[in-house]
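Structural overview
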Amino acid sequence: MTAPTPSPSASSGSFSTPESAQGRTPGGPTKAPEPKLLPCKSCGSGVTAVDKFCRHCGRKIESGPPWYHQRIAIIILTLTILGPFSLPLVWKSSLMTQRQKWILGIAISLFSVGLIVVFGRVVRIVFEQFAELSRELNSF
Ligand SMILES: [Zn+2]
């Protein structure tokens, strides 16, 4: 009556999906902490500060502080176009000590004051010349 149920040997190899191995994949847009990217000067694509060469165009990447942080560049800019407006560059420069910044800042300030004094004198001389010229013209 009670027939022995033939257990199929096929079920010996149980196939259970290992959940621990898979783990939980982050579905959200969790960004990995990327290193700070700088634009390549040649092609404009992002390169990291540790890169020696651009990964996209292969050009050598010049690392280090920008040119306008250098003292000589700041002095040239002061003397040519910026005048007293170069003072922010002095404070932002990463290549100077606090003492050098003070010395250069004072030098730029003195230069600017001198420039204003000279400019004021030139303007006055020009005005005097014009006044003299107009007086001569009126005497005719
Ligand atoms: Zn590039």
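Residues numbered from 1 in each chain as written. Predicted model: local features only at pLDDT ≥ 70, side-chain atom pairs only at ≥ 80, totals over all residues.

Details of the overall build of the protein
Within the protein, the secondary structure is distributed over four helices and two strands. Reading the protein from its N terminus to its C terminus gives the helix and strand order α-β-β-α-α-α. By the burial criterion, 6% of the 140 residues in the protein qualify as buried. (Helix = DSSP H or I, 4+ residues; strand = E, 2+ residues; numbered from the N terminus. Buried ≥ 20, exposed ≤ 12 C-beta atoms within 10 Å, placed from the backbone.)

Remarks on the environment of Leu-110
Residue placement: Leu-110 occurs in helix H4 (residues 98-138). For Leu-110, a count of 10 C-beta atoms within 10 Å gives the class exposed. Each C-alpha atom, one on Leu-110 and one on Pro-84, is 9.2 Å from the other, the two residues being 26 residues apart in sequence.

A short note on the environment of Gly-105
Among the secondary structure elements, Gly-105 is positioned in helix H4. Considering only alpha carbons, one finds Gly-105 and Ser-86, 19 residues apart in sequence, at a separation of 8.9 Å.

Regarding H4
Relative to the 60 Å expected for 41 residues at 1.5 Å per residue, H4 spans 59 Å between its end C-alpha atoms, a close match to the ideal helical length. Little of H4 sits out of view: just two of its 41 residues are buried. (Expected span 1.5 Å × (residues − 1).)

Considering the confidence of the model for the protein
A low pLDDT score tells you not to read the predicted coordinates there in detail. Residues at a pLDDT of 70 or more form 74% of the protein, whose mean pLDDT is 80. Looking across the protein, the model is least confident in helix H1 (residues 19-22), with a mean pLDDT of 50, and most confident in H4, with 93. (pLDDT = per-residue confidence, 0-100.)

As for helix H2 (residues 71-82)
With 12 residues, H2 extends just 14 Å between its outermost C-alpha atoms, more than 12% less than the 16 Å of an ideal straight helix rising 1.5 Å per residue. Taken from the residues just after H2, Gly-83 is the one with a positive phi, measuring 60°.

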